[in-house]
Amino acid sequence: MTGSMTDTIKDLWRDADAVCFDVDSTVIQEEAIDEVAKFCNKGSEVQKLTSSAMSGKMDFREALSARLQIIKPSLQQIRNFIKDRPFNLTPGIKELVGLLQQKKIPVYLISGGFRGLIGPIAIELSIPLQHIHANKLKFFLNGDYAGFDEKEPTSKNGGKAEVIQMLKEKYGYTKLFMIGDGITDLEASPPADAFIGFGGNVVREEVKSKSKWYVESFQELIDTLQ
């Protein structure tokens, strides 16, 4: 990518009025659904589907539904998972979010993952829970898996763009950034005013080649803001 295009986006970054982060392989080092699958002894079956979904080879909702049908996590399994397997924050994310908050720039988490799993991450980063836009698992009264809420925009292709459009209309943001590792993040710009590709945990070539600014460490974003 040409230097001048990166410089333009860096100037805009210094002036951002909202920042939205993807969660899996961006804010945290893991892909949450893969980790839940492993915890429920369904790891290898699910991983193949995740990589298809992330590289855009499969409709997102179809991939989500298929993976959950394999795992069928119960409410108790999800609770045990949260307690026993805390996620690893990506190095630098805590500092970056802290710096944005210090500058009074609102931070959102927009994820194709699950609200229940993302809550503890948001708390650790001091991000308000109402700033999470993610999917909701549904359970029967006995705690068995009952599907997911299909009304959530993040459960389908183009859902992240829908959430961003809603945030811009609601709050009037004009310099909103989306940061993430996947094709669904890249495709959310526009309506996001700018996209930063992140390759600190996994490098997806298609995302890297199409990003005007691609970083493999959050330190670069911290340095540019300081």
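Values in this document were obtained by computation on a predicted structure and should not be read as measured data. (Residues numbered from 1 in each chain as written. Predicted model: local features only at pLDDT ≥ 70, side-chain atom pairs only at ≥ 80, totals over all residues. Heavy atoms only, no water.)

Peer 1: Honestly, the overall build of the protein chain in this entry has me stumped. Any pointers?
Peer 2: Summing up its helical and strand segments, the protein chain has 12 helices and eight strands in all. Taken over the C-alpha trace, the protein chain has a radius of gyration of 17 Å; the compact-globule value for 226 residues is 17 Å, and the two agree within 12%. Its C-alpha atoms put the protein chain at 55 × 35 × 30 Å along the principal axes. In the protein chain, of all internal contacts separated by at least 6 residues, the share reaching a separation of at least 24 is 63%. Charged side chains in the protein chain number 28 positive and 31 negative. The centres of these two groups are separated by 4 Å. (Helix = DSSP H or I, 4+ residues; strand = E, 2+ residues; numbered from the N terminus. Rg over C-alpha atoms; globule rule 2.2 N^0.38 Å. Contact = heavy atoms within 4.5 Å. Lys, Arg positive; Asp, Glu negative; His and termini not counted. Charge placed at Lys NZ, Arg CZ, Asp CG, Glu CD.)

Peer 1: Mind showing me how you'd approach the pairing of strand 6 (residues 176–180) here?
Peer 2: Every regular strand shows the same layout, with side chains that alternate between the two sheet faces. Of all the five residues making up strand 6, five are buried; the element is thus mostly covered by neighbouring parts of the structure. Alternating positions in strand 6 separate into two faces, Leu 176, Met 178 and Gly 180 on one and Phe 177 and Ile 179 on the other, with burial throughout. Pairing of strand 1 (residues 18–21) with strand 6 involves four bridges; the strand directions are parallel. From the neighbouring strand, Phe 21 faces strand 6, where its bridge partner is Ile 179. Here strand 6 runs beside strand 7 (residues 194–198); their pairing, made up of four bridges, is parallel. Bridged to Ile 179 within strand 7 is Ile 196. (Buried < 20%, exposed > 50% of the residue type's maximum accessible area, 1.4 Å probe, protein only. Pairing = 2+ DSSP bridges.)

That's the geometry; what it means functionally is another story.
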